[in-house]
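Listed below, chain by chain, are the residues.
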Amino acid sequence: MFNLVFRSPRMQGVMSQFSAKTSKLFILFLLFFSCSLSHGSMFDYRNFGIMGGASFPKLAFGKFDINFSEHFGMDLQASLGVYWSIKEADLLYYFSRDDWSTYLGVGYQNWDFYGFSSSTSYNGIVFGDGNSATALSVPLGFLYTALSGFAYEIGFAVDVFLNAPADLRGKIVPEGQISIGYFF
């Protein structure tokens, strides 16, 4: 269904305008919401974490979590899949800091095709030599951090290809991941 909707140039223009307006509204929401919250915290969050795990459509990934404040942080990820490798950066908003912290974010991904496979096609899509793609990602997750620093995370995301080869442009890819790690 999405393949038919996003093929027309008019619809691609409408979607790019929609995503630009949505990202501006999301940033304004985050700024307004963070200013309205109290700055005291009952839970001592950690500033830096190293996590690793398994994911779909990625097979294995590793990431660094950096927390700027009680409510804002970012992560930097590198992952490897069967037909691609992905580099990703996400800006995260934590709704509350406790042993279980819920977050929502927005991110940018760069997909490089090949990964573990030397094949240039998958399921009828030809990636070609040296092709890459970019995607906008919206992650949502739950992060458990123990007082000792041990952490595990369950995350979900929706990725939308912005600039991609072949028939990938405009495609929506769901993502799920489980990871463990340690926060310092």
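Going by the structure above, here's the rest.
Not measured: the values here are computed from a predicted model. (Residues numbered from 1 in each chain as written. Predicted model: local features only at pLDDT ≥ 70, side-chain atom pairs only at ≥ 80, totals over all residues. Heavy atoms only, no water.)

K.L.:
Which residues make up the environment of Gly 170, and what values do they have?
P.N.:
Its place among the elements puts Gly 170 in the loop between strand E9 (150-163) and strand E10 (172-183). The class for Gly 170 is buried, based on a relative accessible area of 11%. Remark: the alpha-carbon pair of Gly 170 and Val 160, spanning 10 residues in sequence, is separated by 6.1 Å. (Helix = DSSP H or I, 4+ residues; strand = E, 2+ residues; numbered from the N terminus. Buried < 20%, exposed > 50% of the residue type's maximum accessible area, 1.4 Å probe, protein only.)

K.L.:
Give a description of the pattern of salt bridges that names residues and reports values.
P.N.:
In total, this model carries six salt bridges according to the counting rule given. The partner of Glu 175 in a salt bridge is Lys 58, with the nearest N and O atoms 2.9 Å apart. Separated by 117 residues along the polypeptide, Glu 175 in strand E10 and Lys 58 in the loop between strand E1 (48-56) and strand E2 (60-67) bring together distant segments of the chain. You can call Glu 175 buried: its relative accessible area is 8%. Judged by its relative accessible area of 1%, Lys 58 is buried. The salt bridge involving Asp 112 is made with Lys 87; its shortest N-O contact spans 2.5 Å. Of this pair, Asp 112 sits in strand E5 (residues 100-113) while Lys 87 sits in strand E4 (residues 84-94), placing them 25 residues apart in sequence. Under the relative-accessibility criterion, Asp 112 is labelled partly exposed at 25%. Looking at Lys 87, the relative accessible area reads 43%, which means it is partly exposed. (Salt bridge = Lys/Arg side-chain N within 4 Å of Asp/Glu carboxyl O.)

K.L.:
Help me get a handle on the nonpolar core, residues and values and all.
P.N.:
Residues Tyr 83, Trp 84, Ile 86, Trp 111, Phe 113, Ala 133, Ala 135, Phe 161, Ala 164, Leu 168 and Val 173 constitute the largest nonpolar core, which totals 11 residues. If you list the elements that add at least two residues to this core, you get E4, E5 and strand E8 (132-145). Of all hydrophobic cores here, the second largest spans seven residues; its members include Met 51, Tyr 94, Tyr 103 and Ala 151. (Core = buried A, V, L, I, M, F, W, Y, C linked by side-chain atoms within 4.5 Å.)

K.L.:
If you had to explain empty space enclosed by the protein to someone new, which residues and values would you point to?
P.N.:
On inspection of all chains with the given rule, the structure shows two cavities of 30 Å³ or more. In this structure, the largest cavity spans a volume of roughly 80 Å³. What lines the largest cavity is a set of 15 residues, among which Gln 77, Asp 90, Tyr 103, Pro 139 and Gln 177 lie closest to the centre. Only strand E3 (72-80), E4, E9 and E10 provide two or more residues apiece to the lining of the largest cavity. Tallying contributions element by element places E9 first for the lining of the largest cavity, with four residues. Of the residues in the lining of the largest cavity, the class split is five nonpolar, four polar and six charged. (1 Å grid on protein atoms, 1.4 Å probe; cavity = no way out; pocket = protein on both sides within 12 Å on 5 of 7 lines; lining within 4 Å. Points joined across faces, edges and corners; volume = space filled by probe spheres on them. Nonpolar A, V, L, I, M, F, W, Y, C, P; charged D, E, K, R; others polar.)

K.L.:
Report on the side chain of Ser 101, specifying residues and quantitative values.
P.N.:
Its place among the elements puts Ser 101 in strand E5. At 3.3 Å, the side chain of Ser 101 forms a polar contact with the backbone oxygen of Asp 98. (Polar contact = N/O pair within 3.5 Å; in protein donor to acceptor, adjacent residues only side chain to side chain.)

K.L.:
A description of unusual backbone geometry should follow, citing residues and the corresponding values.
P.N.:
Trans is the common state for peptide bonds, and a negative phi is the common state for residues other than glycine. With omega at 5°, the peptide bond leading from Phe 56 into Pro 57 counts as cis. In this fold, Pro 57 is placed in the loop between E1 and E2.

K.L.:
Quick one: what's the story with the sheet that holds E8, residue by residue and with numbers?
P.N.:
With antiparallel pairing, eight strands are arranged side by side around a closed barrel as E1-E2-E3-E4-E5-E8-E9-E10. On average, each strand axis in the sheet is inclined to that of its neighbour by 25°, with strand direction left out of account. (Pairing = 2+ DSSP bridges. Axes fitted to C-alpha atoms, helices over the stretch in contact; angles between N-to-C directions.)

K.L.:
Account for the packing of aromatic side chains, with residues named and values stated.
P.N.:
Per the counting criterion, the structure on display carries 12 aromatic pairs. An angle of 85° between the planes, with centres 5.6 Å apart, marks the rings of Trp 100 and Tyr 152 as edge-to-face. Of this pair, Trp 100 sits in strand E5 while Tyr 152 sits in strand E9, placing them 52 residues apart in sequence. Each ring, one from Tyr 182 and one from Phe 184, has its centre 5.0 Å from the other, and the planes form 75°; the classification is edge-to-face. A residue is classified by how much of its surface remains accessible, and Tyr 182, at 36% relative accessible area, is partly exposed. Overall, Phe 184 belongs to the exposed group, its relative accessible area being 52%. These aromatic residues form a ring-pair network of at least three members: Phe 48, Phe 64, Tyr 182 and Phe 184. Over the ring of Tyr 94 we find Arg 97; its NZ or CZ atom is 3.7 Å from the centre of that ring. (Phe/Tyr/Trp six-rings, centres within 6.5 Å; stacked < 30°, edge-to-face > 60°. Lys NZ or Arg CZ within 6 Å of the ring centre and 35° of its normal.)

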